[in-house]
Amino acid sequence: MAKISQKKYRNAIIFFARKIQNGTLGKLKMMKLLYYLDFDFFEKYGRSITGDEYLRFANGPVPRMAEKILKEMNGKEIKITKRKVGNGYNDQQHIEALETNFNVNVFEKEELLMLEEIATKWEKFTGTEMKNASHGEAPWIATKPDEVIDYNLSLYRNKYGEMANV
C-alpha cells in the first residue's frame, strides 16, 4: 500500500466541503466521495490519490484513516455538526468547510480533474444513495466483510465506477 498523503487527503476533504454546499455532504457521503476519488483514479491511472486503504463495512467502502483525519480537521479546516435529515430518524454528521484556502499545488493536473469530476457527478446524491451505488460494484461484492478492498477490483467495474442502470 502506498504511503498516505496527508496534504492531498486534507485538501481533498476541503475541496469536497467547499464544492458541495447543497446540504447533502455528511460523513457517509464524504467517505464515499473519497472512495470514488481513489478508485476511479486508480482505474484510470493505476494509483490512488490519498494513498489510503478502504475497508468493506456495512455502510460501504470506508477509508481506514478518514475518521482520524476528519477528527483532526474538525473545528479547524472543517466543521462537523449533527443534524436531522429526511424523516427525522437519521442524523447526518454534516460537514462544511471552515478553511477557504484549497491548496491546488499539492495535486497533479489529472488529480484536480478527478476531484472536479467526482464532485460534479455525485453532488446531488445523498450518502445513502452513494452507499447503495458502491454496493453494486465489484470491489464491494468481491470483498468479505471488514476486509481491505483490493484496488485492482476497480478494473472490474463499468467505466469509472458508473453502473449500468443508475
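Look up a bit, the structure's there.
To keep things clear, this report deals only with the structure shown in the data block. Since this is a predicted model, take the numbers as computed values, not measurements. (Residues numbered from 1 in each chain as written. Predicted model: local features only at pLDDT ≥ 70, side-chain atom pairs only at ≥ 80, totals over all residues. Heavy atoms only, no water.)

Below, the discussion takes up unusual backbone geometry. Phi angles above zero are rare outside glycine, and D146 is one such case at about 70°. Assignment of secondary structure puts D146 in the segment after α6 (138-141). (Helix = DSSP H or I, 4+ residues; strand = E, 2+ residues; numbered from the N terminus.)

Okay, the nonpolar core next. Grouped together as the largest cluster of nonpolar side chains are 41 residues, with contacts concentrated most on I13, F16 and L34. With 10 residues, the single largest contributor to this core is helix α2 (residues 27-45). What F16 contacts, discounting residues up to four positions off in sequence, is L25, M30, L33, L34, L37, L115, I118 and A119. (Core = buried A, V, L, I, M, F, W, Y, C linked by side-chain atoms within 4.5 Å. Buried < 20%, exposed > 50% of the residue type's maximum accessible area, 1.4 Å probe, protein only. Contact = heavy atoms within 4.5 Å.)

According to the stated counting rule, one finds 12 salt bridges in the structure shown. A salt bridge links D40 to R157; its shortest N-O distance comes to 2.6 Å. Separated by 117 residues along the polypeptide, D40 in helix α2 and R157 in the segment after α6 bring together distant segments of the chain. R157 shares its class with D40; the two are buried. Its salt-bridge partner being E137, residue R157 comes within 3.2 Å of it at the nearest N-O pair. Highlighted residues: R157 in the segment after α6 and E137 in the loop between α5 (127-135) and α6, separated in sequence by 20 residues. Of the two residues examined, R157 and E137, each falls in the buried class. Here the salt bridges share partners, and the residues they tie into one network are K8, R47, E108 and E111. (Salt bridge = Lys/Arg side-chain N within 4 Å of Asp/Glu carboxyl O.)

Our focus in this paragraph is the pairing of strand β1 (residues 54-57). Direction of pairing for β1 relative to strand β2 (residues 60-63): antiparallel, over a ladder of 4 bridges. The residue of β2 that forms the bridge with F57 is G60. Taking the residues between adjacent antiparallel strands as the criterion, β1 and β2 are bridged by 2 residues. (Pairing = 2+ DSSP bridges.)

Another aspect to go through is the side chain of E77. For E77, the position within the fold is in the loop between α3 (66-73) and β3 (78-85). Look at E77 and you get buried, because its relative accessible area is 16%. Residues contacting E77, with those up to four places away along its chain left out, are R10, I14, E72, A97, L98 and E99.

Moving on, we get to α5. Every buried residue belonging to α5 is among G127, M130, K131, A133 and S134, and all of these are buried. Projection of α5 onto a plane perpendicular to its axis shows the buried side chains occupying an angular sector of 160°, all on one side. As for α5, its buried residues are in contact with α2, β2, α4 (109-122) and α6. (Arc of directions from axis to C-beta.)

In this section: the packing of helix α1 (residues 6-19) against α2. Relative placement of two packed helices is described by the angle separating their axes and the distance separating the axes. Between α1 and α2, the least distance of the axes is 11 Å, while the angle of their chain directions is 120°. In terms of axis orientation, α1 runs oblique to α2. Regarding α1 and α2, the two cross each other, and that crossing is right-handed. Contact with α1, carried on its side by Y9, A12, I13, F16 and A17, involves M30, L33, L34 and L37 of α2 and no other residues of that element. Split into classes, the residues belonging to the contact of α1 with α2 amount to 9 nonpolar, no polar and no charged. (Axes fitted to C-alpha atoms, helices over the stretch in contact; angles between N-to-C directions. Parallel < 35°, antiparallel > 145°, perpendicular 65-115°, else oblique. Left-handed = near helix turned anticlockwise from the far one by under 90°. Nonpolar A, V, L, I, M, F, W, Y, C, P; charged D, E, K, R; others polar.)

So, to be careful, I would describe these as geometric facts and stop short of saying anything about function.
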